[in-house]
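Each chain, letter by letter, is given below.
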Amino acid sequence: MGGAMPQFYSANNMAAKKYITASCHISHNRVYQDAGLVFESDAAPIDDFLLSVYQHFQFSYPKFYKMDNLSKLGWLAAEVLLKDSFDKTPHKAEYTGTVLMNANSSLDMDLKYARSMQEVPSPSLFVYTLPNIVAGEICIRHHFKGENAFFVQPKFDGAFLKQQVDYLLDTDTLQTCICGWVDVLGQEYQADLFLVEKVKRGDAKEFLIENIK
Amino acid sequence: MGITETDNVPKVFIIGDNILSPLGQTTAENLEALKGGISGVKQHNDLFCSPERVAASLFDGGEISKIDKNYTKFENILILSIYDAMAENKEIVAHEKTILIISTTKGNISLLETEPHTEALNTRVALHTSAQLVADHFGFKNQPIVVSNACISGVLAILTGTRLIRSGVYEHAVVAGADVVSQFVLSGFQSFHALSDSVCKPFDKARTGLNLGEGAATVVLSSHGKTETDVKVVSGAVSNDANHISGPSRTGEELGYAIKKTLFNAGLTAHDIDYISAHGTATPYNDEMEARALNHAGLQQVPVNSLKGYYGHTLGAAGLIESVIAIHAIKEGLIFPSMGYEENGVSQPINICTELLNKPVKHALKTASGFGGCNAAILFSK
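Residues numbered from 1 in each chain as written. Chains lettered and ligands numbered in written order. Predicted model: local features only at pLDDT ≥ 70, side-chain atom pairs only at ≥ 80, totals over all residues.

**Examining the overall build of chain B**
Here's step 1: Looking only at helices and strands, one finds 11 helices and 16 strands in chain B.
Here's step 2: Relative to its length of 382 residues, chain B is compact, with a C-alpha radius of gyration of 19 Å against a globular reference of 21 Å.
Here's step 3: When the backbone C-alpha atoms are referred to their principal axes, chain B occupies close to 55 × 50 × 40 Å.
Here's step 4: Taking all 382 residues of chain B together, the buried fraction comes to 61%.
Here's step 5: Put simply, 80% of the contacts in chain B that link residues at least 6 apart link residues at least 24 apart. (Helix = DSSP H or I, 4+ residues; strand = E, 2+ residues; numbered from the N terminus. Rg over C-alpha atoms; globule rule 2.2 N^0.38 Å. Buried ≥ 20, exposed ≤ 12 C-beta atoms within 10 Å, placed from the backbone. Contact = placed C-beta atoms within 7 Å.)

Shown next as C-alpha cells:
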C-alpha cells in the first residue's frame, strides 16, 4: 500500500499524479470493495446472483430490473464503487466520465435478442445490444455528463486504459473517471472498476498500471 | 486548459482517406456521386424476408472484390477501405509507432443468423477477432484497438487516434470503420419504428425516420504532415446526456457542450466555423435535439447538412464517412446539399444547405449522437 507516500510533484513531470480513490471487483459470486470482500453469495444462475447483490446492498433503483446483465453488472459495480467514498458535490457533471473495456462487447444480449427476433423483435432488448449502454446507465444514475469511451479488446489492457484515462485527466477534460473492465457472457462475468481522481484521499494508491492489474 | 497547439504537442494531419460505399469504392468516386445528387438508398421489398418495404443503402454484391473466403463481408470492406486509404503511405504499416483503430457497432453479428451457436462462434463474432484479422492482413505491428460506442464510434475512433498521437504514444493511426446491414440490425430498428420506407429527409417537416446503410471508411492520421496545408484534426469532445438510453436529450445542451468544448479547445468561436456535418438521422427526436444543440453553441447561421440521404445510417462507419466528406469540403471548397430537405421541421432555426455550395472552408465541424446518450464533436481545419 502506498498510504505513507507523500504527494510529490516534479517540475519536470508535466502531469499531476492520479489516484485510485475506490475500486470494486465482482466475479465468481463475490463482491470486493477496495480489495475487501463485502459480499458473497451462492446464488446462481447469474441473474439470481446479480439480484442478490442488489438486494444485499439495499439499492433502490427500479430501472435496474429492466437492464441486461452487462448493464446490471456494471451498474452494481459502480454503485459499490461510489457508495462510500465518492462525494459528488464538488464535481461538475461534465467533468465526470467513463472509460470502459471488455472482450465480448454486448454478445450476451446479442444472443438473447437474436433468439427473440424470430418472434416479435423487442426494442427494450435491442437497445442493450450495444456495449456502451452500461456507461449510459451509470451516467443516468449519477447524472455524469462527461466523456465516455467503450473499447473491445481480447483481454484487459491496463496500459491502454491508463493512457486513455491519463489523457482525459491531464488535459482537464475530466476531473474524475470511472474506468475498467465489465464483461458478461452467459454465466461468466467479471467487473473491475476503478475511481480515478487527481486528489489523494486516505490511503489511495497511485493510478499506475501495476495497481489496476 | 486543454492540450492546444503548442510546440511540444504534435499536430495531427490527415494523410490519406477512403470511402467504400454503394456509391463508389474511392473517396473520389463518392464525391462524384454526391456532386451528381445520387443516393445509395433504394427500396427493397423482401430484404431479410421483412414484411415491410425497406429503404436502405446496400452493396449489391457485385461491386466488392472478394479478397479471401476466410474474411466476412464486414472484414472484406474494412480491408479494401484501408488498402485504398494507405495507397500512398504503405510504409507506415511496418512502423512500430503505428496503431490500427477499428470502429464498428455490430461487426459480424449476421453470423448469429447463419451459423450454429458454439464457443468458436462466440470468438469468431468478437469485434477484436475481426480487428486482429484485418491487422494481420496488412502486418500492423501493434494490437489493434476497437472502438464500439454506438453511433459516435467513428468520430470517437478518430478522436482516440488523435489523442494517441498528441500524447506521443503513436505517430500514425489508421482509423477505419465499417458496418453491414443484417436481419439483426434491421429488425431492431424496425422494432423502434425508426425506419423510413423511402429516402430519409433529415431536418425536414415530413421526416419519418432513418434508412440503414452499409459502408466502410478510413482516415490515416499522422504527426508527419506532407505540407502545412494538409487538413488537420484540431480538437474534439464527447459528452453524455445522462437522460435516456434510447432517446436523445430534450434540450440538446449536452451535444451543445461537446461542440462548445471542441471550439474552445481549438481557440475558435462559432463565427470561425464554415461548415457543419450533422448526424441528422431523420428521426423526429434526433434532428430536433441537434437543432437545439447547434443553437446552444451559436452555430445557427453556419451551413449544415446531413449525408444520411446519400448513405443511410452506416452506424460504426457513419462518423468516418461523414468526416471524410468534411475533410474534402475543406480541400475542395465544396458543401453538398442536405438530401431530402424541403421545409424546416425543427423548432430552432438552423442553416440547412439546399444546394451545392462552392466556397472556401477553413474549419469544418462533424457531430454525432447515439444510443446510451452519447454525443461527440470533432473539428477539422486547413
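**So, the packing of helix α6 (residues 153–166) of chain B against helix α11 (residues 318–332) of chain B**
Axes are the key here: two packed helices are described by the angle between their axes and the distance separating the axes.
Residue and element names in this part refer to chain B.
Here's step 1: Their axes nearest at 5 Å, the elements α6 and α11 cross at an angle of 70 degrees. Between α6 and α11, the angle is such that the two are roughly perpendicular. Two secondary-structure elements touch here, α6 through Ser153, Gly154, Val155 and Ile158 and α11 through Ala318, Gly319, Leu320 and Ser323.
Here's step 2: Here the contact of α6 with α11 is built from residues that sort into four nonpolar, four polar and no charged. (Axes fitted to C-alpha atoms, helices over the stretch in contact; angles between N-to-C directions. Parallel < 35°, antiparallel > 145°, perpendicular 65-115°, else oblique. Nonpolar A, V, L, I, M, F, W, Y, C, P; charged D, E, K, R; others polar.)

**Thoughts on helix α9 (residues 284–296) of chain B**
All names here are of chain B.
Here's step 1: Between the first and last C-alpha of α9 there are 19 Å, a value that for 13 residues agrees with the 18 Å anticipated at 1.5 Å per step.
Here's step 2: If you check which residues of α9 are buried, you get Asn286, Asp287, Met289, Glu290, Ala291, Arg292, Ala293 and Leu294.
Here's step 3: Residues of α9 that are buried sit in contact with α8 (253–266), β10 (275–277), β11 (303–305) and β15 (363–370). (Expected span 1.5 Å × (residues − 1).)

**Focus: the packing of α8(B) against α9(B)**
All names here are of chain B.
Here's step 1: Where α8 contacts α9, the axes come no closer than 8 Å and their chain directions differ by 45 degrees. By the angle between their directions, the pair α8 and α9 is classed as oblique. α8 and α9 meet at a crossing whose hand is right-handed. The segment α8 lies against α9, with Glu253, Leu255, Gly256 and Ile259 engaging Met289, Glu290, Ala293 and His296.
Here's step 2: Split into classes, the residues belonging to the contact of α8 with α9 amount to four nonpolar, two polar and two charged. (Left-handed = near helix turned anticlockwise from the far one by under 90°.)

**Details of the interface of chain B and chain A**
Here's step 1: Listed as interface residues are 43 residues of chain B and, on the opposing side, 43 residues of chain A.
Here's step 2: Mapped onto the side of chain B that touches chain A, the elements with two or more residues apiece are α3 (111–114), α4 (119–125), α5 (127–138), β5 (145–147), α6, α7 (183–191), β9 (232–240) and α8 of chain B.
Here's step 3: Of the residues forming the side of chain B that touches chain A, the biggest block, five residues, is contributed by α7(B).
Here's step 4: Across the side of chain B that touches chain A, the residue classes tally to 21 nonpolar, 19 polar and three charged.

**Quick notes on the domain arrangement of chain B**
All names here are of chain B.
Here's step 1: Entries for chain B in the domain assignment read domain 1 (12–222) and domain 2 (232–381).
Here's step 2: Here the C-alpha centre of domain 2 lies 20 Å away from the C-alpha centre of domain 1.
Here's step 3: Across the boundary between the two partners, domain 1 contributes 57 residues, which contact 51 residues of domain 2.
Here's step 4: Those elements that place two or more of their residues in the side of domain 1 that touches domain 2 are β1 (12–20), α1 (27–35), β3 (54–57), α6, β6 (172–179), β7 (212–213) and β8 (215–222).
Here's step 5: For the side of domain 1 that touches domain 2, the element with the most residues is α6, which contributes seven residues.
Here's step 6: Looking at the side of domain 1 that touches domain 2 residue by residue, the class counts come to 29 nonpolar, 19 polar and nine charged. (Domains from an automatic or database assignment.)

**As for the pairing of β15(B)**
Residues and elements named next belong to chain B.
Here's step 1: With eight of eight residues buried, β15 lies mostly within the body of the structure.
Here's step 2: Every second residue of β15 is oriented toward a common face, with His363, Leu365, Thr367 and Ser369 on one face and Ala364, Lys366, Ala368 and Gly370 on the other, all of them buried.
Here's step 3: Examined bridge by bridge, β15 and strand β16 (residues 374–381) share eight bridges and lie antiparallel to one another. Across the sheet, the residue bridging to histidine 363 is serine 381, located in β16.
Here's step 4: Counting the residues that bridge the hairpin from β15 to β16 gives three residues, and of these glycine 372 lies at a positive phi of roughly 90 degrees. (Pairing = 2+ DSSP bridges.)

**Comments concerning the sheet that holds strand β2 (residues 41–44) of chain B**
All names here are of chain B.
Here's step 1: If you walk across this open sheet you meet the three strands as β2-β3-β7, and the pairing is mixed. Unpaired on one side and paired on the other, β2 and β7 mark the two borders of the sheet.
Here's step 2: Strand direction decides the pairing type here: β2 and β3, joined by four bridges, are antiparallel. Looking at the pairing, valine 41 lines up with serine 57 of β3.

**Side note on the environment of A:Phe49**
Residues and elements named next belong to chain A.
Here's step 1: Summarising the element assignment, phenylalanine 49 is placed in helix α1 (residues 46–56).
Here's step 2: A residue is classified by how many C-beta atoms lie within 10 Å of it, and phenylalanine 49, with 23 of them, is buried.
Here's step 3: Spatially, the C-alpha atoms of phenylalanine 49 and arginine 30 are 9.2 Å apart, while their sequence positions differ by 19 residues.
Here's step 4: For phenylalanine 49, the residues in contact, after removing those within four places along its chain, are Asn29, Ser41, Ala43 and Ala44.

**Examining the environment of A:Tyr65**
Here's step 1: Structurally, A:Tyr65 is set in the loop between α1 and α2 (69–82).
Here's step 2: Residues A:Tyr65 and A:Leu51 lie 14 residues apart in sequence; the distance between their C-alpha atoms is 8.6 Å.

**Digging into the nonpolar core**
Here's step 1: Counting 195 residues, the largest nonpolar core has A:Leu73, A:Ala77, A:Leu81, B:Leu78, B:Val175 and B:Ala376 as the members making the most contacts within it.
Here's step 2: Filtering out sequence-adjacent residues up to four positions away, B:Ala376 remains in contact with B:Ile152, B:Val155, B:Leu156, B:Leu159, B:Gly236, B:Val238, B:Ala258, B:Thr367 and B:Ala368. (Core = buried A, V, L, I, M, F, W, Y, C linked by C-beta atoms within 7 Å.)

**A short note on unusual backbone geometry**
Here's step 1: That bond from A:Ala44 to A:Pro45 is cis: its omega, 0 degrees, falls within 30 degrees of zero.
Here's step 2: With respect to the helices and strands, the residue A:Pro45 is situated in the loop between β3 (36–40) and α1.
Here's step 3: Positive phi, normally seen in glycine, also occurs at B:Ala242, with a value near 50 degrees.
Here's step 4: Assignment of secondary structure puts B:Ala242 in the loop between β9 and α8.

**Some remarks on α1(A)**
Residues and elements named next belong to chain A.
Here's step 1: Within the sequence span of α1, burial applies to Phe49, Leu50 and Val53. Projection of α1 onto a plane perpendicular to its axis shows the buried side chains occupying an angular sector of 95 degrees, all on one side. Residues of α1 that are exposed and point more than 90 degrees away from the buried face comprise Asp47, Asp48 and Gln55.
Here's step 2: On its buried face, α1 sits against β2 (30–33), β3 and α2.
Here's step 3: Phi turns positive one or two residues past the end of α1, at glutamine 58, with a value near 55 degrees. (Arc of directions from axis to C-beta.)

**Digging into the pairing of strand β4 (residues 98–103) of chain B**
Residue and element names in this part refer to chain B.
Here's step 1: Among the six residues of β4, six are classified as buried, and the element is accordingly described as predominantly covered.
Here's step 2: Covered by surrounding structure in β4 are Thr98, Leu100 and Ile102 together with Ile99, Ile101 and Ser103, the residues of both alternating faces.
Here's step 3: Where β4 and β6 come together, six bridges link them in parallel fashion. From the neighbouring strand, isoleucine 101 faces β6, where its bridge partner is valine 175.
Here's step 4: Note: β4 against β5, three bridges, orientation parallel. Residue pairing in the sheet places isoleucine 101 in a bridge with isoleucine 145 of β5.

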